[in-house]
Amino acid sequence: MRILSRYVQKQFCVYLSLCFSGFLAVFIVVDLAGRLSGFIDGGVSGGTIFLYYALSIPYMGILILPMAMLLASLFCFGNLARFGELAAMKSAGISLYSIAAPVLGAALLVCTASFFLTDRVMPGANRKRAAIVEGKRRAVFTPIVSQVVLQDVDGQILSVGTYFRNEARGEQVTLDRYEGMRLVEKLRAEEMRWQSGGWTFLRGEARRFSDGGREQVTRFGSMPARDVTLTPEDLSRDVRSADELSYSELTALIERKRRMGDDVVRVQVARYMRASFPFTGFVMALFGISLSSRTQRAGKPLLIGICLLISFVYYGCIQAGRVMGWNGILPPFSSAWAANLLFLSLGAVLLVRTRR
């Protein structure tokens with residue numbers, strides 16, 4: 001049994017490597033065809049183009065892995081059935097579930113590795129790739145940032161004319177406090193510094209407005225900002241897409257948005273999608289095993305067509321779940337995992353109905 005398990009697993013891994021490489025090459029060629037004129041017009045060197053696509057491999061790899069898993073399982077079990085090997089294993093008393101177990105184990109291992117790749121490697125690669133597209137270094141590499149405006153808790157809005165990242169220091173600072181829609185206090189300071197775990201405003205004045213229109217002015221040389229919860233990391237943070245943030249960074253972004261009263265639904269969906277999408281490949285492998293008994297006589301071109309059709313439907317369901325999560329139709333967790341659970345159920349039902 002161990003020999004047969006290793007044999008089936010090896011067949012699957014070989015097909016997975018071939019399918020993954022083939023899909024990756026197609027994706028790169030298609031993307032290059034669309035960007036080549038822009039690269040030429042921008043005077044991008046061949047080395048930079050090579051670096052761009054080397055950095056694109058983690059993102060493209062995660063995207064095409066489910067398709068490669070599905071096609072590899074169709075090829076593997078289709079060939080086993082076509083050449084009578086599957087029937088011989090069954091006649092020896094080995095069930096289809098036992099034959100499929102090593103393949104599903106390998107698929108789960110690959111998907112687990114892809115999860116860590118998605119979280120640890122892909123965000124950094126995407127940031128560097130975006131910097132190549134922009135043709136300049138991103139703000140995260142710039143020590144000085146101009147016109148930083150952030151919303152804090154309790155209706156506070158902090159504006160900093162110039163912020164020095166390396167020194168955790170800002171100049172030309174304004175802090176507006178609101179109660180509902182009414183401005184109750186405006187604080188201006190020439191400078192603010194991060195000291196002893198909090199901000200200190202230097203050389204400024206605070207104007208407080210009462211309900212009757214009276215204005216009280218208080219000038220100060222130094223005043224701690226006890227109610228400001230923003231940190232130097234908040235002021236230094238880049239505006240990045242979800243694909244450029246790790247799971248922990250997405251979690252930190254959610255907490256920061258909650259503190260400031262911003263909507264966090266889209267970021268929550270993106271965080272749950274970060275965990276759910278890598279395991280799409282396992283579901284696809286199970287689906288392919290279930291379909292293989294029904295496509296024994298299909299040639300490889302037909303199997304590729306079936307793979308593409310199922311993949312488009314699957315990705316369409318994933319996108320539909322994401323949109324429903326964005327619009328509050330489904331909770332963020334359910335919207336991210338709905339497609340996986342749906343196709344996992346379908347694959348399990350097909351596998352149970354397949355002749356053992």
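Residues numbered from 1 in each chain as written. Predicted model: local features only at pLDDT ≥ 70, side-chain atom pairs only at ≥ 80, totals over all residues. Heavy atoms only, no water.

*Asks:* Explain the overall build of the protein chain to me, please; I cannot follow it from the model alone.
*Replies:* If you tally the helices and strands in the protein chain, you get eleven helices and six strands. Taken over C-alpha atoms, the radius of gyration comes to 28 Å for the protein chain, far larger than the 21 Å a tight globule of 356 residues would show. With the principal axes as the frame, the protein chain shows a C-alpha extent of 90 × 45 × 35 Å. In the protein chain, buried positions account for 43% of the 356 residues. Considering only intrachain contacts with a sequence separation of at least 6, the fraction spanning at least 24 residues in the protein chain is 63%. Taken as a whole, the protein chain presents about 18500 Å² of accessible surface, with 60% of it coming from carbon and sulfur. Between the centroid of the 42 positive side chains of the protein chain and the centroid of its 27 negative side chains there is a distance of 14 Å. (Helix = DSSP H or I, 4+ residues; strand = E, 2+ residues; numbered from the N terminus. Rg over C-alpha atoms; globule rule 2.2 N^0.38 Å. Buried < 20%, exposed > 50% of the residue type's maximum accessible area, 1.4 Å probe, protein only. Contact = heavy atoms within 4.5 Å. Areas by Shrake-Rupley, 256 points an atom, 1.4 Å probe, with all protein chains shown as cover. Lys, Arg positive; Asp, Glu negative; His and termini not counted. Charge placed at Lys NZ, Arg CZ, Asp CG, Glu CD.)

*Asks:* I keep staring at the packing of helix α2 (residues 46–82) against helix α4 (residues 96–120) and nothing clicks. Help me out?
*Replies:* Helix-helix packing is described using two parameters, namely the angle between the two axes and the distance between the axes. Following both chains from N to C, one finds α2 and α4 inclined at 165°, their axes separated by 12 Å at the closest point. Taken together, the axes of α2 and α4 lie roughly antiparallel to each other. Read as a crossing pair, α2 and α4 show a hand that is right-handed. For the pair α2 and α4, the contacting residues are I62, L65, M69 and F77 in the first and L96, I99, A100, V103, A107, V110, C111, S114, L117 and T118 in the second. Residues that form the contact of α2 with α4 fall into these classes: twelve nonpolar, two polar and no charged. (Axes fitted to C-alpha atoms, helices over the stretch in contact; angles between N-to-C directions. Parallel < 35°, antiparallel > 145°, perpendicular 65-115°, else oblique. Left-handed = near helix turned anticlockwise from the far one by under 90°. Nonpolar A, V, L, I, M, F, W, Y, C, P; charged D, E, K, R; others polar.)

*Asks:* Can you walk me through the pattern of salt bridges in this structure?
*Replies:* Side chains that differ in sign of charge can pair as their charged atoms come close. Evaluated as defined, the whole model comprises 17 salt bridges. Between E185 and R208 there is a salt bridge whose closest N-O contact spans 3.5 Å. Placement of the pair is E185 in strand β4 (residues 182–195) and R208 in strand β5 (residues 198–209), with a sequence separation of 23 residues. Residue E185 is classed as buried on the basis of its relative accessible area, which comes to 14%. The salt bridge partner of E190 is R203, with a shortest N-O separation of 3.1 Å. Pair noted here: E190 is in strand β4 and R203 is in strand β5, with a separation of 13 residues, a long-range link. On the basis of relative accessible area, E190 is assigned to the partly exposed category, the value being 44%. Residue class for R203 comes out partly exposed when judged on its relative accessible area of 40%. (Salt bridge = Lys/Arg side-chain N within 4 Å of Asp/Glu carboxyl O.)

*Asks:* Which parts of the structure should I look at to understand the confidence of the model for the protein chain?
*Replies:* Low pLDDT means the predicted atomic positions in that stretch should not be read closely. With 92% of its residues at a pLDDT of 70 or more, the protein chain shows a mean pLDDT of 85. Here residues 136–141 is modelled with pLDDT under 50, and outside its nearest four sequence neighbours on either side it reaches 13 contacts, counting other chains as well. (pLDDT = per-residue confidence, 0-100.)

*Asks:* Even after reading the chapter, I still don't get the packing of aromatic side chains, so can you show me in this structure?
*Replies:* Geometrically, a pair of aromatic rings is defined through the distance of the ring centres and the angle of the planes. Applying the stated criterion across every chain yields a total of twelve aromatic pairs. When the ring of F39 is compared with that of Y52, the centres are 5.7 Å apart and the planes differ by 70°; the resulting orientation is edge-to-face. Linking F39 in helix α1 (residues 2–41) with Y52 in helix α2, this pair joins segments that are 13 residues apart in sequence. In this structure an aromatic cluster arises from ring pairing among F39, Y52 and Y53. One residue, R266, lies across the ring of W326, its end atom 4.1 Å from the ring centre. We note R271 situated over the ring of Y272; from NZ or CZ to the ring centre the distance is 5.2 Å. (Phe/Tyr/Trp six-rings, centres within 6.5 Å; stacked < 30°, edge-to-face > 60°. Lys NZ or Arg CZ within 6 Å of the ring centre and 35° of its normal.)

*Asks:* What's the story with helix α8 (residues 265–276) in this structure? I'm lost.
*Replies:* Structurally, the α-helix is built with 3.6 residues per turn, so residues lying three or four positions apart point the same way. For α8, built from twelve residues, the straight-helix expectation of 16 Å at 1.5 Å per residue is met to within 8% by its first-to-last C-alpha distance of 16 Å. Residues of α8 that are buried include every one of V267, Q268, V269, R271, M273, R274, A275 and S276, and no others. (Expected span 1.5 Å × (residues − 1).)

*Asks:* Hey, could you run me through the sheet that holds strand β6 (residues 215–224) in this one?
*Replies:* As a general point, the strands of a sheet are linked pairwise by backbone hydrogen bonds and lie either parallel or antiparallel. Here six strands make up an open sheet; going across it, the order is β1-β2-β3-β4-β5-β6 and the pairing antiparallel. Every interior strand has two partners, whereas the edge strands, β1 (144–152) and β6, have only one. Between one strand axis and the next, the sheet turns by 15° as a mean value, whatever way the strands run. Here strand β3 (residues 169–179) runs beside β4; their pairing, made up of ten bridges, is antiparallel. Opposite E179, over in β4, you have R182 as the bridge partner. (Pairing = 2+ DSSP bridges.)

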